[in-house]
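Residue-level listing of the chains:
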Number of protein chains: 2
Amino acid sequence: MTTDENLAAVVKTSQGDYRVVVGRGVIDEIGPEMKAAGLTGRAFLIADVAMFPQSVHEAHEALEKSGFVTNVMTLELNEQAKTLDTAQEIYSWLSEHRAERVDTIVAMGGGVAGDLVGFVAATWLRGVPVVQVPTSLAAMVDASIGGKTAVNLPAGKNLIGAFHQPRLVLQDVAHLATLPEREMAGGFAEAIKHGLILDPQLLDTFERNAAELQRLEGDLAVQTIRRSVQIKAEVVSADEFERGETRMLLNYGHTIGHAIENVSGYGKYFHGEAVAIGMMAAAGIARRLGMIDQELVDRQRNVLKLYDLPVTVSGVTADELIAATKTDKKSRGGSVRWILLEGPGKAVVRSDVPEDVVREAVEEVIADS
Amino acid sequence: MTTDENLAAVVKTSQGDYRVVVGRGVIDEIGPEMKAAGLTGRAFLIADVAMFPQSVHEAHEALEKSGFVTNVMTLELNEQAKTLDTAQEIYSWLSEHRAERVDTIVAMGGGVAGDLVGFVAATWLRGVPVVQVPTSLAAMVDASIGGKTAVNLPAGKNLIGAFHQPRLVLQDVAHLATLPEREMAGGFAEAIKHGLILDPQLLDTFERNAAELQRLEGDLAVQTIRRSVQIKAEVVSADEFERGETRMLLNYGHTIGHAIENVSGYGKYFHGEAVAIGMMAAAGIARRLGMIDQELVDRQRNVLKLYDLPVTVSGVTADELIAATKTDKKSRGGSVRWILLEGPGKAVVRSDVPEDVVREAVEEVIADS
């Protein structure tokens, strides 16, 4: 088993506890870690074809070395492919290889790989074990932890899904070396969000060490990812099924963020970019409601810009964005629930935001054309 | 709320406890029962188009009378329609009506309605409440209880699914009045199975009162369905995720039963009919292993025949059936796990059955052509 300096968190859930391991080169430990998690049977490694073949090969070798008979499938796992049709392709492959309930699915790739392959694991034979090996920063600090799985419908993102906790999450920081810059930025948006809503110290770290963190150098990058992972793990352990408000805090910036993705057409803005703009809109709302002052709004804007994230959106209207928020699945009984800051590292849920306040704040993040 | 004489069982699960209510005319109580289960929001009633429109209308009225704003969708929910494509049709409808997490899906129809609509409820927005209103005998005594949901793949039945416990199961015996005879017989197969594996008294009741039970007359029919429901509820409460062997006992007759359905092409034999034949094969195995004597085999054959169930299969070979058992999802690490009787009302799991014993027993249930 990995020396426990790499253990970022243990997530506690009704389906059992699981380890989140974060470090450089930890992919070599996947076999022992899986065994320690009680996994036996065969491994079905399903990887995004966009991954470097070398990384998939290394994972495959590490599994076989530990005695896991392993089948590998690589396929396109981008947002456009996050459909039931792709799920069906994977089901067919599992069926051909007679994957059984004792076998383990290993999902390797970015957020789409985790969501889609996680959904397949949740629903194949009514649920088989899954190990998440996220290879994008966004998937590491956010999507890979917490058991949310999802598939898109033409009508909207993530409308279909299930809660299915992984048995292990293994994050190899070395995988980030080849990640495109815009994707790194998107990941930083989620990590910075954790600081904004729950950890003022983490926010500080992001503000003070932008260049070093962006280059992923030294221990600081690994430690900062670990800290961000811990926050996510704590929230998930406290509110596994998003029944209370705790887990909902993670959706800071997501109401307008989802609306931007929806209205712009998926792909124009990366998820993290849309969330960054969404956080700016939410900050505008909070300021108008007197919850925070302009200084925190500016601080948020500055840290996002340091990580090359957009803070305004173009090509959409306020009307379109506001209409789109109303179909968001986080609305309850028709009213939109906003996650708003009360201070650095402190967020709350509010469902009583007047529409004119929303409109002003949204207009503020629309770039002049 | 229904007077509790209609309460057949309370199922205890990690997702919460729920009532199974069985009686004549209990559909009128659906609104108060849903409220007592803590359900609010709107109702999305999804019914098999094969149901009598009158029954769907009554359910709709009963919901509206209790203040549930209700949308109704009727569609073909037979075995051929138990696909991801049909699920996608329902997702689209839910999306059009903006069904939210606080809303409730009501699944009304036979086993396919429960499985497929249950799967949609398990996966829509990562899980919304579902109320099961089974209208076939098989669905009542078996599939509606326990939270198993499923969809077929071309490669096999029920390969995709999820565990998603209902919030309420409401069984109106009046719905059985219009059920075709063969479907009734199929339901009796599952109910008799409960007696064979776990309750010798229930087995007695089926043997002594066949005519009365088949006519669904008087209290005895309702009580017998309730008792059968109780057995299923107890097993599910003891082994929610089919991790131990308890729940597996319910698969008595299913290994060969599934093989028969698979090899014959779905539809030639109803599920319950295939299970009846499968139980005869399993009894033949148990007798050959010295676990039971010929008398119990004959007793089982006789009670199945009393309820117009087949005890032999035609048009298939032993080779085909045995090959098909090996793809069954209940096999573990390659070896087939058999549910076998040790006596009336007593069953066990065995994975050490020699193939020649299986072959002899299977050949015995193949009708001479």
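Bear in mind that the values here come from a model prediction, so they are computed numbers and not experimental data. (Residues numbered from 1 in each chain as written. Chains lettered and ligands numbered in written order. Predicted model: local features only at pLDDT ≥ 70, side-chain atom pairs only at ≥ 80, totals over all residues. Heavy atoms only, no water.)

1. Description of the overall build of chain A
- Helix and strand counts for chain A come out as 14 helices and 11 strands.
- Taken over the C-alpha trace, chain A has a radius of gyration of 20 Å; the compact-globule value for 369 residues is 21 Å, and the two agree within 12%.
- Each principal axis of the C-alpha atoms in chain A carries an extent, and together these give about 60 × 40 × 35 Å.
- Counting all 369 residues of chain A, 60% fall into the buried class.
- Summarising the internal contacts of chain A: among those between residues at least 6 apart in sequence, 75% fall at separations of at least 24.
- A total accessible area of about 13400 Å² is found for chain A, and carbon and sulfur atoms account for 47% of it.
- On chain A, the mean spot of the 36 positive side-chain charges and the mean spot of the 51 negative ones are 4 Å from each other. (Helix = DSSP H or I, 4+ residues; strand = E, 2+ residues; numbered from the N terminus. Rg over C-alpha atoms; globule rule 2.2 N^0.38 Å. Buried < 20%, exposed > 50% of the residue type's maximum accessible area, 1.4 Å probe, protein only. Contact = heavy atoms within 4.5 Å. Areas by Shrake-Rupley, 256 points an atom, 1.4 Å probe, with all protein chains shown as cover. Lys, Arg positive; Asp, Glu negative; His and termini not counted. Charge placed at Lys NZ, Arg CZ, Asp CG, Glu CD.)

2. Concerning the relation of the copies chain B and chain A
- Take chain B, turn it by 180 degrees, move it 0.0 Å along the axis, and it overlays chain A with an RMSD of 0.1 Å. Taken together, the rotation and translation relating the two chain copies correspond to the operation of a two-fold axis. (Least-squares fit on C-alpha atoms with pLDDT ≥ 70 in both.)

3. As for the domain arrangement of chain A
All names here are of chain A.
- The assigned domain composition of chain A is domain 1 (4-177) and domain 2 (181-364).
- Taken over C-alpha atoms, the centre of domain 1 sits 26 Å from the centre of domain 2.
- Of the residues lining the interface, 34 residues belong to domain 1; the matching set on domain 2 comes to 29 residues.
- Regarding the contact of domain 1 and domain 2, the summed buried area is about 2700 Å², with carbon and sulfur atoms giving 60% of it.
- Among the residues domain 1 hides against domain 2, the three largest losses belong to Leu 137, Val 141 and Lys 157. Together they make up 23% of the total.
- Seen at the junction of domain 1 and domain 2, the total is three salt bridges.
- Note that Lys 232 and Asp 142 form a salt bridge whose closest N and O atoms lie 2.7 Å from each other. (Domains from an automatic or database assignment. Buried area = accessible area lost by both parts, 1.4 Å probe. Salt bridge = Lys/Arg side-chain N within 4 Å of Asp/Glu carboxyl O.)

4. Quick look at the environment of Ala59(B)
All names here are of chain B.
- Considering the arrangement of structural elements, one finds Ala 59 in helix H2 (residues 53-65).
- Ala 59 sits 292 residues away from Ser 351 along the chain, and the two C-alpha atoms are 45 Å apart.
- In this structure, Ala 59 is in contact with Ile 27, Ile 30, Leu 45 and Met 108, ignoring residues within four places of it in sequence.

5. Focus on the pairing of strand S9 (residues 168-172) of chain A
Residues and elements named next belong to chain A.
- Burial of S9 is extensive: five of the five residues sit out of reach of the surface.
- Where strand S2 (residues 18-23) meets S9, five bridges bridge the pair, whose relative direction is parallel. The residue of S9 that forms the bridge with Val 21 is Leu 170.
- Pairing of strand S6 (residues 130-134) with S9 involves two bridges; the strand directions are parallel. Counterpart to Gln 132 in the pairing with S9 is Val 169. (Pairing = 2+ DSSP bridges.)

6. A short note on the packing of aromatic side chains
- Per the counting criterion, the structure on display carries 12 aromatic pairs over all chains.
- Note on Phe206(A) and Tyr307(A): the rings are 5.7 Å apart at their centroids and 80 degrees apart in plane angle, and the pair reads as edge-to-face. One end of the pair, Phe206(A), is in helix H7 (residues 200-208); the other, Tyr307(A), is in the loop between helix H12 (294-306) and helix H13 (318-325), with 101 residues separating them in the sequence.
- The class of Phe206(A) is buried, set by a relative accessible area of 1%.
- The exposure class assigned to Tyr307(A) is buried, which follows from its relative accessible area of 0%.
- Seen in terms of ring centroids, Phe188(B) and Tyr307(B) are 4.7 Å apart; in terms of plane orientation they differ by 45 degrees. Their pairing is tilted. Linking Phe188(B) in helix H6 (residues 181-198) with Tyr307(B) in the loop between helix H12 (294-306) and helix H13 (318-325), this pair joins segments that are 119 residues apart in sequence.
- Here a set of aromatic residues connected by ring pairs shows up, and it is made of Phe188(A), Phe206(A) and Tyr307(A).
- For the cation-ring pair, Arg182(A) lies above Phe270(A), with the distance from its terminal atom to the ring centre recorded as 4.1 Å. (Phe/Tyr/Trp six-rings, centres within 6.5 Å; stacked < 30°, edge-to-face > 60°. Lys NZ or Arg CZ within 6 Å of the ring centre and 35° of its normal.)

7. Focus: the sheet that holds strand S4 (residues 70-75) of chain B
Residues and elements named next belong to chain B.
- With respect to topology, seven strands assemble into an open sheet ordered S1-S2-S9-S6-S5-S3-S4, the strand pairing being mixed. Two strands in the sheet have a free side with no partner beyond their single neighbour: strand S1 (7-11) and S4. In this sheet, adjacent strand axes meet at a mean angle of 15 degrees when their direction is disregarded.
- Of the strand pairs in this sheet, strand S5 (residues 104-109) and strand S6 (residues 130-134) are connected by five bridges, and their pairing is parallel. Pairing of Met 108 across the sheet is with Val 133, part of S6.
- Those strands touched by helix H9 (residues 218-238) are S1, strand S2 (18-23) and strand S9 (168-172), and its axis lies near 5 degrees from that of S1. (Axes fitted to C-alpha atoms, helices over the stretch in contact; angles between N-to-C directions.)

8. Remarks on the sheet that holds strand S5 (residues 104-109) of chain A
All names here are of chain A.
- Spatially, the seven strands line up as an open sheet ordered S1-S2-S9-S6-S5-S3-S4, and their pairing is mixed. Looking at which strands have only one partner, the edges of the open sheet turn out to be strand S1 (7-11) and strand S4 (70-75). On average, each strand axis in the sheet is inclined to that of its neighbour by 15 degrees, with strand direction left out of account.
- For strand S3 (residues 43-48) and S5, the ladder comprises five bridges, and the chain directions are parallel. Along S5, the bridge assignment pairs Ala 47 with Met 108.
- Running at roughly 165 degrees to S5, helix H4 (residues 111-123) makes contact with S3, S5 and S6 of the sheet.

9. Details of the interface of chain B and chain A
- Chain B puts 34 residues into the contact, and the matching count from chain A is 34 residues.
- Buried surface at the junction of chain B and chain A, both sides included, amounts to about 3100 Å², of which 55% is carbon and sulfur.
- Linking chain B to chain A there are two salt bridges.
- The shortest N-O distance in the salt bridge between Glu242(B) and Arg101(A) comes to 2.9 Å.

10. Notes on unusual backbone geometry
Residue and element names in this part refer to chain B.
- At Leu 125, a position not held by glycine, the phi torsion is positive, near 50 degrees.
- With a relative accessible area of 3%, Leu 125 lands in the buried category.
- One non-glycine residue with positive phi stands out, namely Asn 158, at about 55 degrees.
- Relative to the assigned elements, Asn 158 resides in strand S8 (residues 156-163).

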